[in-house]
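Observations on the model geometry
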Amino acid sequence: MERQTATFNANERVRPALVGFEPYDPAFSPCEVNLSANENTHPLPGEVQKALEQAMLSTPLNRYPDPLANELRDVLAAWHGVGRQNLMVGNGGDEVLFNLLFAFGGPGRSLVVAPPCFEEYKNFAKMCETSVVEVWRKEEDFSIDADALVSAAKDAALVMITSPNNPTGDLVEPALARRLLDETDALVLLDEAYVEFADTEASFVPWVHNNPRLMVLRTLSKAFALAGLRCGYLIAHETVVNVLAAIRQIYSEDVIAQAVACAAVKSRGKIEPVVRSIVSERDRLFEGLCAIPGAHVWPSSANFLLVRMADAARVRARLRDEFSVLVRDFSYAPGLSDCLRITVGTPAENERLLAALAAIVEGQ
Ligand code: PMP
């Protein structure tokens with residue numbers, strides 16, 4: 001036994017497909033202003049906050065959750081004009097993404113993505129032994145080469161595209177989604193984690209009715225200011241939903257998450273003005289960032305902006321260490337050299353960021 005303790009190393013026993021994965025580290029540092037994770041930093045109206053707290057406090061914890069979260073599915077279904085059978089919830093959008101790859105990926109199958117995009121698609125695909133085909137966006141404006149994407153998707157089990165895209169902020173063109181559905185046989189996921197910050201007609205949810213291979217991912221983590229709660233959901237054809245229902249972790253959506261999510265979705269009319277004010281702050285922040293000498297800012301339909309500026313990694317470190325402002329550095333990522341992603345904060349947070357950036361750039 002002693003001998004075994006000295007030589008034991010679990011890494012040698014890991015399933016081959018899972019060797020080399022590292023724990024997710026969002027590189028959070030305690031800062032007074034955190035604009036690094038695309039969260040909603042605005043306070044919710046008091047009335048909504050009270051409704052959420054009430055839901056939390058009145059939920060008994062001694063019973064297991066409803067595994068299919070039917071009450072929440074009904075509330076979401078009523079909002080989106082679909083049926084309960086078209087909806088599956090998960091422990092954040094992340095769990096839904098994982099389950100899609102778990103269910104529809106696997107050895108001999110591939111996922112097509114259009115990077116730079118959310119990196120978890122690729123990680124989850126690898127964990128599920130699904131090969132990944134990357135169709136890189138154009139460097140200047142991050143637009144997608146539609147012909148290349150459609151051609152790659154012809155042999156794929158799944159395509160995952162993001163609208164608005166993280167971290168580039170642009171929307172998927174309806175014509176591209178149309179071509180993916182008409183010219184390929186792949187399952188097509190439109191990830192709409194940030195769509196509430198875009199124009200209302202940007203969502204592909206209405207397409208689900210007539211396009212059984214189209215699936216839309218949504219989350220309460222962004223517009224609804226509930227990133228800590230962990231609730232995401234998929235709107236899709238009922239057979240897709242049934243597959244996911246059968247393979248999911250049975251109790252991954254806990255009772256508190258179900259109850260608070262129901263209350264939040266029912267309060268969405270009162271959350272809407274918060275979303276509108278983030279959108280108008282985004283436009284103000286865009287102007288402010290454009291005014292910084294040497295900065296290039298891409299237009300965004302989400303609650304964040306991508307900025308390219310000289311020495312981005314050093315700028316990010318100075319923002320953090322000298323001004324207690326945290327933003328996300330993407331300068332290490334292919335296609336994103338010298339890029340920072342900045343979440344749209346409250347007016348005071350945005351002012352503080354702009355003043356800090358101006359001070360850093362002036363002093364350089
Ligand atoms: N999709 C995209 C594009 C995201 O940026 C995120 C979160 N960063 C998610 C999905 C998952 O969000 P959550 O698990 O918090 O619902």
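I will try to describe carefully the structure that is included in this document. (Residues numbered from 1 in each chain as written. Predicted model: local features only at pLDDT ≥ 70, side-chain atom pairs only at ≥ 80, totals over all residues. Heavy atoms only, no water.)

Turning to the overall build of the chain, a few remarks are in order. When helices and strands are tallied, the chain shows 12 helices and 13 strands. Relative to a compact globule of 364 residues, whose C-alpha radius of gyration would be 21 Å, the chain shows 21 Å and is just as compact. Taking all 364 residues of the chain together, the buried fraction comes to 51%. The contacts in the chain between residues at least 6 apart in sequence include a share of 72% that link residues at least 24 apart. Just so you have it, the chain exposes about 16,800 Å², and 53% of that area is on carbon and sulfur atoms. Placing the 34 positive and 48 negative side-chain charges of the chain at their respective mean positions leaves the two points 4 Å apart. (Helix = DSSP H or I, 4+ residues; strand = E, 2+ residues; numbered from the N terminus. Rg over C-alpha atoms; globule rule 2.2 N^0.38 Å. Buried < 20%, exposed > 50% of the residue type's maximum accessible area, 1.4 Å probe, protein only. Contact = heavy atoms within 4.5 Å. Areas by Shrake-Rupley, 256 points an atom, 1.4 Å probe, with all protein chains shown as cover. Lys, Arg positive; Asp, Glu negative; His and termini not counted. Charge placed at Lys NZ, Arg CZ, Asp CG, Glu CD.)

With that settled, consider the sheet that holds strand 13 (residues 339-343). By definition, the strands of a sheet pair up through backbone hydrogen bonds, in either a parallel or an antiparallel sense. An order of 9-10-13-12 is seen for the four strands of this open sheet, with the pairing classed as antiparallel. Only two strands of the sheet have a single partner each, and these edge strands are strand 9 (296-297) and strand 12 (328-329). Here five bridges tie strand 10 (residues 304-308) to strand 13, and the two strands are oriented antiparallel to one another. For Leu 306, the partnering residue across the bridge sits in strand 13 and is Arg 341. (Pairing = 2+ DSSP bridges.)

Further remarks concern empty space enclosed by the protein. Scanning all chains against the criterion turns up one cavity of 30 Å³ or more. Taken as a whole, the largest cavity spans an internal volume of roughly 50 Å³. Lining the largest cavity, in full, are Met 88, Val 89, Gly 90, Glu 95, Val 96, Asn 99, Leu 244 and Arg 248. Of all elements in the fold, only strand 2 (87-90) and helix 4 (92-104) reach the threshold of two or more residues within the lining of the largest cavity. For the lining of the largest cavity, the per-class residue count stands at four nonpolar, two polar and two charged. (1 Å grid on protein atoms, 1.4 Å probe; cavity = no way out; pocket = protein on both sides within 12 Å on 5 of 7 lines; lining within 4 Å. Points joined across faces, edges and corners; volume = space filled by probe spheres on them. Nonpolar A, V, L, I, M, F, W, Y, C, P; charged D, E, K, R; others polar.)

Take Leu 180: it is sitting in helix 7 (residues 174-183). In this structure Leu 180 comes out as buried when scored by relative accessible area, which is 0%. Distance in space between the C-alpha atoms of Leu 180 and Leu 234 is 19 Å, their sequence separation being 54 residues. Apart from the residues within four sequence positions on either side, Leu 180 is in contact with Leu 149, Val 150, Ala 153, Val 159, Ile 161, Val 188 and Arg 213.

So, about the layout of surface pockets. In this model, the largest pocket occupies a volume close to 1,100 Å³. Lining the largest pocket are 41 residues, with Tyr 24, Asp 94, Phe 118, Glu 120 and Arg 328 sitting closest to its centre. Contributing elements (two or more residues each) for the lining of the largest pocket: helix 4, helix 5 (120-127), strand 7 (214-219) and strand 12. Broken down by element, the residue count for the lining of the largest pocket peaks at four residues, all from helix 4. Of the residues contributing to the lining of the largest pocket, the split by class is 19 nonpolar, nine polar and 13 charged.

So, on to the site of the ligand. As a matter of local geometry, the ligand sits amid 13 residues, with Gly 93, Asp 191, Thr 219, Ser 221 and Arg 230 nearest to it. In this structure, Asn 166 approaches the ligand through a side-chain N or O atom, which is 2.8 Å from an oxygen atom. Arg 230 is positioned such that a nitrogen or oxygen atom in its side chain is 2.7 Å from an oxygen atom of the ligand. Protein contact buries 91% of the 390 Å² of open area that the ligand shows by itself. Per element, the largest residue contribution to the shell around the ligand is three residues, and it comes from helix 4. For the shell around the ligand, a count of residues per class yields three nonpolar, six polar and four charged. (Near = heavy atom within 4 Å. Polar contact = N/O pair within 3.5 Å; in protein donor to acceptor, adjacent residues only side chain to side chain.)

Time to look at the environment of Ala 37. Assignment of secondary structure puts Ala 37 in the loop between strand 1 (33-34) and helix 2 (46-57). In this structure, the C-alpha to C-alpha distance between Ala 37 and Ala 10, residues 27 residues apart in sequence, is 32 Å. If we ignore the near neighbours within four places in the chain, the residues touching Ala 37 are Phe 28, Lys 222, Arg 341 and Thr 343.

Tracing the backbone shows Arg 328 in strand 12. One buried charge, Arg 328, has no salt-bridge partner; the nearest side chain with opposite charge is Glu 119, at 5.3 Å. Side-chain polar atoms of Arg 328 contact the side chain of Tyr 332, separated by 3.4 Å. Once you skip the residues sitting within four places of it in the chain, Arg 328 turns out to touch Tyr 24, Leu 35, Ser 36, Cys 339, Leu 340 and Arg 341. (Salt bridge = Lys/Arg side-chain N within 4 Å of Asp/Glu carboxyl O.)

Shape descriptors only; they carry no functional weight alone.
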